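Examining the three-dimensional arrangement
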Amino acid sequence: MKSRFFVATIIVSLVLALGCVGFTLSFNKGTDNDVIDYEQLNIYSSHAVEFLSPIIAEFESRTGIRVNIKTGRTDDLLSKIEKRQNTDDVDIMWGGSLSVLRPYMNQFEEYSSVNEPYVCDEYNNVEGMLTRFVDVPSVIIVNLDLVGDVEIKGYEDLLNPKLRGKIAFCTSSASSSYHDHLINMLYAMGKGKPENGWGYVVDFCRNLNGQLYSASAVYQGVADGEFVAGLTFEEAAAKLLSEGENIEIVYMKEGVLSAPECICLVKDAPNMENGKAFIDFVTGYDAQRLIAQNLNRRSVRRDVEHSKYLIDKEKINIIYSDSELVSSMNDEWVQHFMRIYSENIDNYNWID
Amino acid sequence: MKLKKQKVISFRDYIRRMFIINAIIPVFCVTFVCMAIFIGLQYYSINITNIEANNKVSSVLQNTLDKYKQGVLELSRRSSLITQPIDADRLLTIRRTMKQMAASTGYSGELYILDGSFNQVLVDTSELPVFLSDGAYGGWGILREISNNPQRVTVMVEKDEENYLCIGSSIQKEGALIGYVIVLIPSDEFSVLLTKVSPQTILADSNGWIYLSNSYEFTDALGRFDRSIEGADGFTKYNGRTYYMTGSAIENNLIRVYTVAEEGRSMAMFTMIILVVLFIFIAITIIVYNSSNRLARQSTSDIREIAEAFEQVKAGNLEKYIKTSSIEEFQKIGEAYNIMLDGLKENKELVERVAFAQVKQLESQFNPHFIFNTLDNIRFMAMIDTKASDKMIVALSSILRYSISNAQEEVTVSEDMMYTEYYLSILKIRFNRRFTYKTDIEEGIEDCLIPKLMIQPLIENSVKYGFVDRDSLSVSIKAYTEDDKLIFICKDDGIGMDEAQLEEIRSNISQPVNVSSHMGIYNVHRRIRLMYREGYGVWIDSKKNEGTELTLVLPKQAAKEQRDA
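Residues numbered from 1 in each chain as written. Chains lettered and ligands numbered in written order. Predicted model: local features only at pLDDT ≥ 70, side-chain atom pairs only at ≥ 80, totals over all residues.

So, about the overall build of chain B. When you go through chain B residue by residue, the secondary structure sums to 15 helices and 17 strands. Here chain B holds 565 residues, and 31% of them are scored as buried. Sequence-distant contacts in chain B: of pairs separated by 6 or more residues, those separated by 24 or more amount to 62%. (Helix = DSSP H or I, 4+ residues; strand = E, 2+ residues; numbered from the N terminus. Buried ≥ 20, exposed ≤ 12 C-beta atoms within 10 Å, placed from the backbone. Contact = placed C-beta atoms within 7 Å.)

As structure tokens, then:
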């Protein structure tokens, strides 16, 4: 009986102690009062935060729709969309060039934005699901401090032995600039027939050496003087110019492939109407003007001027690819490139 | 008198329980009350600190906003700012007004006046923020908000190299928008304010876009204040850490002020304190429990000894004296008890002597009775059978010698049975064929000790009352042990007795003085009762015309070696 009394005391004390702990822990739950049930929009994007922030802030401010964003690599985001269990967490896929997105076309909803009539003919959403919102052509950037008397006007000039090991190129399959440059190379050097371009690719790989895994390492590397020339995209180059870097943008004389980036509405998106509103906003005049003027990308609209750091489109030798052929051959070309690349990379170490 | 059923506990347990109740429970209560007070105070102070910090930042911000809103509103009413060139005097006035506002609020803003096509009319800094300088922003941000709501003062957070709080309004002429007045307060201005309050502070707009923060936590991928905790109030978990959050909104919910105190450390301290207190409490409990055990045992040892002594007396042992105690009260009790014990012992001796005398007297009672009967028989037998009378005389003399030999109070069963056989042989000779008997002594009890001449009076009783007018009588004697008892049964098939007679004998047996003629049974029962305790004696059962059964119950006592020696 005495032990029962003792045990009872211990039990009561433990209960009280646990009660005390529970009491303190119970505060941990945040109370969700005054949270208004906002309209939501979920976006997957591979764009940089600096690019996303002003556009999303303005969209939220205008519409009151709250945008939740998930950033990541284009291929990761696309595979997430493809494998998604429920469509609750994504309405919009924003990012990736036409050639990358085209194979995933059936994951997207058909939608033609209200701004489609203002869009240049070559950027029309002919497929129905792939709304072009900017054009980011591939370019070569040249560090003017390092280039000396070497003339770089196009792909052909990159075969100059003086540039051997001094060219930056991102060969990560996650990078749109890698895909775009490869396709551009094949079309430009194959004179419209990509199968004829592989000869150049072999020569290019011999002069390339080294591998960079991120697109930003390419343009930053050129700007920082690690490389003489780099294969990158126009927006990055224009940004460097706006920051006052001593570089030059070279539009390949053999031809610059038009490589529009797209924004797509995910099939069965839970916030379909908000998604459509967002696409309309992004392709709208205000947003397009901001993107062109301050974010250095070429607008798809006829009525929007490009950034002062970019040259007029008329002065560029624009070429077009067969986008269906590109999307069907893309994987094969990438593998073929990697084969050529690895065969020619050995025995030369460009990092001293 | 029957008491209500009450649990009886030992004095030692009682003392111990008192210890526990008076030591552990108060410690327990005080501990938990203190802990509750401590936690309550801690929580209260966190809450107060947060609310004070939040109020301070909110009120400073609101006050600054109000002053500048007033200033912007006044400037926006002057359409001449756009329509006419600003001369030196007006410029002076405007600059002074701005300075005064900066002085009165403590936070200086930059004034920008733009015309309807966003051209600069009056600017404070040479380098305009991008959202004002560039035509691309015409339909964007603060300029859009002002164009959309020309009648009121717009407040907004804008970003460029740094974050700005924008207070702007339109300049109108005849209902048309002709210009913009905008005051920008860079977030830098308030960073000193934030360092003046101890918790971390985050200033953000209604969508979570941060204006100023001195915390590196709580931002999402785009650098916004994480919306998952925007409504949080009180303790909040974020990224595995605990914070105490207080949120408030100013300027029509356009600007939100979040005050966040990191509570991870104090939470850990809480837990530590609780654990330490719990540990101390358990330690105290164990110590008190054990020491109470010891103390209770020590302080009740005298009482226990007294109780034990009484227990011994109850069991009949009068040799247990109480040792002297160091405690006065117990010593008095002990002394008194010991005196009492001596008294008891004297008393007992007296009783024993009286009993012994009584036993002797009772033993001697059967002698003349028996002798008379037997001599009568011998006289009768001497006439018809001298041989038998001779045998009877031998048997009688043996029994007499046995009865008067005082050497041994108790004899073995076999010895007593031997003399019983003598007696039976006398009876057999006397009654011849009319009397039959048999004895059945269980093996192993021959050496048990019994008072002498216990069986003989039973047989005598049977013969005396069994015959009456019957022709024959048979008596059986059976002896066996049951538990610690030695049982003798003397059964006859005589005339028996009716209920009334039986009842009379039974009540007579229990009387201290014999008043009946059943002398033998009474004497045997009385002797046994005097020698042994309750539970032993003679029991009688009989039915008229069927016979009588006498049961003799004695304690089983094995013969001691020394007695045999």
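Turning next to the sheet that holds strand 4 (residues 163–173) of chain B. Residues and elements named next belong to chain B. Spatial strand order, 2-1-5-4-3: five strands in an open sheet with antiparallel pairing. Taken across any chain shown, the strands that pair with only one partner, and hence form the sheet edges, are strand 2 (120–123) and strand 3 (154–159). Strand-to-strand twist across the sheet, computed as the mean angle between neighbouring axes with direction ignored, equals 25 degrees. The pairing of strand 1 (residues 110–115) with strand 5 (residues 176–186) spans six bridges and is classified as antiparallel. Residue Tyr112 lies in a different strand from strand 5, and its bridge partner there is Ile182. Sitting on the sheet, helix 5 (residues 141–148) touches strand 3, strand 4 and strand 5, and the angle it makes with strand 3 is about 165 degrees. (Pairing = 2+ DSSP bridges. Axes fitted to C-alpha atoms, helices over the stretch in contact; angles between N-to-C directions.)

A few words now on the environment of Asn508(B). All names here are of chain B. Positionally, Asn508 belongs in helix 13 (residues 499–509). Note on Asn508: 18 C-beta atoms within 10 Å, which makes it partly exposed. Taking C-alpha positions, Asn508 is 7.6 Å from Tyr522, a pair spaced 14 residues apart along the chain.

With that settled, consider the confidence of the model for chain B. Residues at a pLDDT of 70 or more form 92% of chain B, whose mean pLDDT is 82. For this predicted complex, the interface confidence reaches an ipTM of 0.75, while the overall pTM sits at 0.65. (pLDDT = per-residue confidence, 0-100.)

Judged by nonpolar contacts, the single largest core of 156 residues is most densely connected at Ile141(A), Ala229(A) and Cys264(A). A per-element tally of this core places helix 6 (residues 176–189) of chain A first, with eight residues. For Ala229(A), the residues in contact, after removing those within four places along its chain, are Ile140(A), Ile141(A), Val142(A), Ile152(A), Leu158(A), Leu163(A), Lys166(A), Ile167(A) and Val222(A). Within the second largest apolar cluster, 43 residues are counted, among which are Val411(B), Leu453(B), Val524(B) and Val538(B). (Core = buried A, V, L, I, M, F, W, Y, C linked by C-beta atoms within 7 Å.)

Residues and elements named next belong to chain B. Positive phi is not limited to glycine here, since Asn252 has a value of about 55 degrees. Inspection of the secondary structure assignment puts Asn252 in the loop between strand 9 (241–250) and strand 10 (255–262). According to the C-beta neighbour criterion, Asn252 is exposed, with 8 such atoms within 10 Å. Non-glycine residue Asn545 carries a positive phi angle of around 65 degrees. Within the secondary structure, Asn545 is located in the loop between strand 16 (537–543) and strand 17 (547–555).

Moving on, we get to the packing of helix 11 (residues 413–431) of chain B against helix 12 (residues 456–466) of chain B. Residues and elements named next belong to chain B. Contact geometry for helix 11 and helix 12: axes closest at 10 Å, N-to-C directions at 20 degrees. Looking at the two axes, helix 11 sits roughly parallel to helix 12. As for the relative orientation of helix 11 and helix 12, their crossing is right-handed in sense. Counting all contacts with helix 11, which are made through Thr420, Tyr423, Leu424 and Leu427, the residues of helix 12 involved are Gln456, Ile459 and Val463. (Parallel < 35°, antiparallel > 145°, perpendicular 65-115°, else oblique. Left-handed = near helix turned anticlockwise from the far one by under 90°.)

Before going further, it helps to examine the pairing of strand 8 (residues 229–233) of chain A. Residues and elements named next belong to chain A. Of all five residues that make up strand 8, five are buried, and the element is covered over most of its length. Neither face of strand 8 is open: one carries Ala229, Leu231 and Phe233, the other Gly230 and Thr232, and all of them are buried. The pairing of strand 6 (residues 138–143) with strand 8 spans five bridges and is classified as antiparallel. Bridge pairing in strand 8 links Val139 to Thr232.

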